[in-house]
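# Commentary on secondary and tertiary structure
Residue-level listing of the chains:
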Amino acid sequence: MSHQDNDVTAHNRETWDSKAKDYDAKPWQKKIAAQVASALDSHSSWLGANWTSSSNKECKLLDYACGTGSVTRALSNHITHATGLDISSQMLEQYKTLLSSSHPSLSLTTAIADFCSEDPDPCLQGPEFYDFDVAGVALGFHHFNNPGLCISNLAKRLKKGGVLFIVDWLPKDVKPEDHIGHQHAHPTSSDTKEGNDTEEWKKMQKTIKTNGFTEEDMRTFFEGAGFQDFGFVVLEESFVLQMNGKEVKKTGFIAKGRKV
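What this report covers is the structure whose coordinates are included nearby. In this text the structure is predicted, and so the values were computed from the model without any measurement. (Residues numbered from 1 in each chain as written. Predicted model: local features only at pLDDT ≥ 70, side-chain atom pairs only at ≥ 80, totals over all residues. Heavy atoms only, no water.)

### Focus on the sheet that holds strand β2 (residues 81-86)
Cut-off, in case you're wondering: Pairing between two strands requires that DSSP report at least two bridges joining them. Strands here mean DSSP runs of E at least two residues long; helices mean DSSP runs of H or I at least four residues long; both are numbered from the N terminus. Between N-to-C directions, angles cover 0 to 180 degrees, with each direction set by a line fitted to C-alpha atoms, over the stretch in contact for helices. Contact criterion: two residues are considered in contact whenever any of their non-hydrogen atoms come within 4.5 Å of each other.
Spatially, 7 strands are ordered β3-β2-β1-β4-β5-β9-β6 in an open sheet, and the strand pairing comes out mixed. One side of each edge strand has no neighbouring strand; the edge strands of this open sheet are β3 (107-112) and β6 (227-234). Each adjacent strand pair in this sheet contributes to an overall mean axis angle of 15°, direction not counted. As judged from the 3 bridges shared by strand β1 (residues 60-64) and strand β4 (residues 132-138), these two strands associate in the parallel manner. Across the sheet, the residue bridging to Leu61 is Val134, located in β4. Strands β1, β4, β5 (158-169), β6 and β9 (252-259) of the sheet are contacted by helix α6 (residues 147-157), whose axis makes an angle of about 145° with β5. Relative to β6, helix α8 (residues 215-224) is tilted by about 160°, and along the sheet it contacts β5, β6 and β9.

Have a look at this one:
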């Protein structure tokens, strides 16, 4: 890992540690979490993972950049075990506390990991950190300094036939109806630039590495990591964020692929 990458990881870890206890406490944050949960649940058949059923008694989820556990909660009716990985120890504490209380029958594992690194963590070598049926990242992808490497690292943790999904949003200049295109996403703060940035926004802005991804971007990442059966759906209801004192709308998507 380069010195610059170390700096990025350290800043991200500090930021998310400081936000863990009230990360999803605000009404707009709660609504976005509910939208993600609804989108994943309603697209569970489309995702095509080996969910639990009368004939399948186990399904293991890898929830990467898990935060406080919105993805795990969203898919809790379809899985038997969830492993939450994050760079923030404080987020992992919230993940364990909240899910142990709300989903006591769900088997949980947590660990610190940085999948944007060539060596995510030497502690993640046990069998419990491999052979997942499904892995996912929800609204964390635009914070990653190396999303292609992250997808490759996630692929290594899936079993053959396992499914990876990413929930994130389109670049602000790409409309939902023309999401297939050649525009690549780049870091930007133009959505919220007022000239009087809050200290909180200045800190958060440093964690944002891109303003979104096109379908072409996601296909390149997935196919570059060896996934097949790529799929991409744009979500109908926009995410509405409060950023730097402004209301910002984002068009969400789910991208998926299957390990072969």
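### Some words on the pairing of β1
What counts is decided by this rule: Here's how the labels work: a residue is buried when its accessible area is under 20% of the maximum for its type, exposed when over 50%, partly exposed in between, all with a 1.4 Å probe on protein chains only.
Counting buried positions along β1 yields 5 of 5 residues, so the element is predominantly enclosed. What you see with β1 is no split at all: Lys60, Leu62 and Tyr64 on one side and Leu61 and Asp63 on the other are buried throughout. Sheet topology places β1 next to β2; 5 bridges connect them, and they run parallel. Looking at β2, one finds that Asp63 is bridged to Gly84.

### Description of the layout of surface pockets
The condition is simple: Only protein atoms enter the calculation, which uses a 1 Å grid: trapped sets of points that fit a 1.4 Å probe without letting it out are cavities, open sets showing protein on both sides within 12 Å along at least five of seven lines are pockets, and any residue with an atom within 4 Å of a point is a lining residue. Grid points are joined across faces, edges and corners, and a volume is the space filled by probe spheres set on the points. Classes in brief: Ala, Val, Leu, Ile, Met, Phe, Trp, Tyr, Cys and Pro nonpolar; Asp, Glu, Lys and Arg charged; the others, Gly included, polar.
Counted as a void, the second largest pocket has a volume near 160 Å³. If you trace the second largest pocket, you find it lined by Gln35, Ser38, Ala39, Ser42, His43, Val233, Val234, Leu235, Glu236, Glu237 and Phe239. Looking at the lining of the second largest pocket, the elements with two or more residues in it are α2 (27-42) and β6. Sort the elements by how many residues they give to the lining of the second largest pocket and α2 lands first, with 4 residues. Looking at the lining of the second largest pocket residue by residue, the classes come out as 5 nonpolar, 4 polar and 2 charged.

The values reported here are purely geometric and, on their own, carry no functional implication.
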